[in-house]
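An overview of the molecular structure
So you can see what is in the structure, the chains are spelled out below.
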Amino acid sequence: MAGEAPTVLVVEDEPAQREVLAYNLEAEGFRVARAETGDEALMLVAEEAPDIVVLDWMLPGVSGIEVCRQLKTRPDTRAIPIIMLSARSEEVDRVRGLETGADDYVVKPYSVVEMMARVRAQLRRVRPSTVGAVLEFEDIKLDSESHRVYRGPDVLKLGPTEFRLLATFMEKPGRVWSREQLLDRVWGRDIYVDTRTVDVHIGRLRKALCQKGGEDPVRTVRGAGYALG
Ligand code: CA
């Protein structure tokens, strides 16, 4: 998987359902955070910065609908895809009608295979390098399934960290990443690494990208961080 594995926040008050979902997501290689209530979900979104939320509608206390509405209203969480779970299709129709902003809806009982496909479909939009996509930027092509990087016709040699850095950049060309954001995304938030390490690997990435010629596509943004293009 390119980059730190995506984090899925599972919000479900039924322990058995929560664990089955978490188990299957972990088996797919995702990091899983678990919440039992709406309040806990809102707290964990701030703490874990999940890439996607699977959210049960019927929760004790703050409902799934309210959690969804709050996340989709806040600028810092608006872009996180939300898959709403509901017990009956009439409920899904109602949730849709409420314009909560959920990105997808799944009716219980659902098949695990279908749920994994829905999760991957949402991740394809926000974290394409983690679901085997081929990313392109100018003459650079990154195949996250075969772990190959091309520049024009040439195959480039990249270390694993440089590959993850490039995958992160190529998911959002032009976006400026701070060193801390790159540490979270490329090294993972559970590991302590000095921010200077980021500079070292950016240097290696630049060298690797230019090993067969071509201009350096990585931009240093003074006081802010780095960007591709
Ligand atoms: Ca429930």
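Keep in mind that what you see is a predicted model, and the values were worked out from it rather than measured.

A word on the domain arrangement of the protein chain. Its domain assignment divides the protein chain into domain 1 (7–126) and domain 2 (132–228). On the side of domain 2, 5 residues touch domain 1, which itself brings 6 residues to the contact. Buried surface at the junction of domain 1 and domain 2, summed over both partners, amounts to about 350 Å²; 27% is from carbon and sulfur atoms. Seen at the junction of domain 1 and domain 2, the total is 1 salt bridge. Notably, a salt bridge pairs Arg-185 with Asp-51, separated by 3.8 Å at the nearest N-O pair. Linking domain 1 with domain 2 are 0 residue pairs in polar contact (both at pLDDT 80 or more), by the criterion used here. For the side of domain 1 that touches domain 2, the residue count by class is 2 nonpolar, no polar and 4 charged.

Lys-108 connects to Pro-109 through a cis peptide bond whose omega is -5°. The topology assignment puts Pro-109 in the loop between strand S5 (104–107) and helix H5 (112–126). A positive phi angle is found at Ala-49, which is not glycine, with a value near 40°. Structurally, the position occupied by Ala-49 is in the loop between helix H2 (38–48) and strand S3 (52–56). The residue Glu-138 is not glycine, and still its phi comes out positive at about 50°. In this fold, Glu-138 is placed in the loop between strand S6 (134–137) and strand S7 (140–143).

What counts and how
Residues numbered from 1 in each chain as written. Predicted model: local features only at pLDDT ≥ 70, side-chain atom pairs only at ≥ 80, totals over all residues. Heavy atoms only, no water. Domains from an automatic or database assignment. Contact = heavy atoms within 4.5 Å. Buried area = accessible area lost by both parts, 1.4 Å probe. Salt bridge = Lys/Arg side-chain N within 4 Å of Asp/Glu carboxyl O. Polar contact = N/O pair within 3.5 Å; in protein donor to acceptor, adjacent residues only side chain to side chain. Nonpolar A, V, L, I, M, F, W, Y, C, P; charged D, E, K, R; others polar. Helix = DSSP H or I, 4+ residues; strand = E, 2+ residues; numbered from the N terminus.

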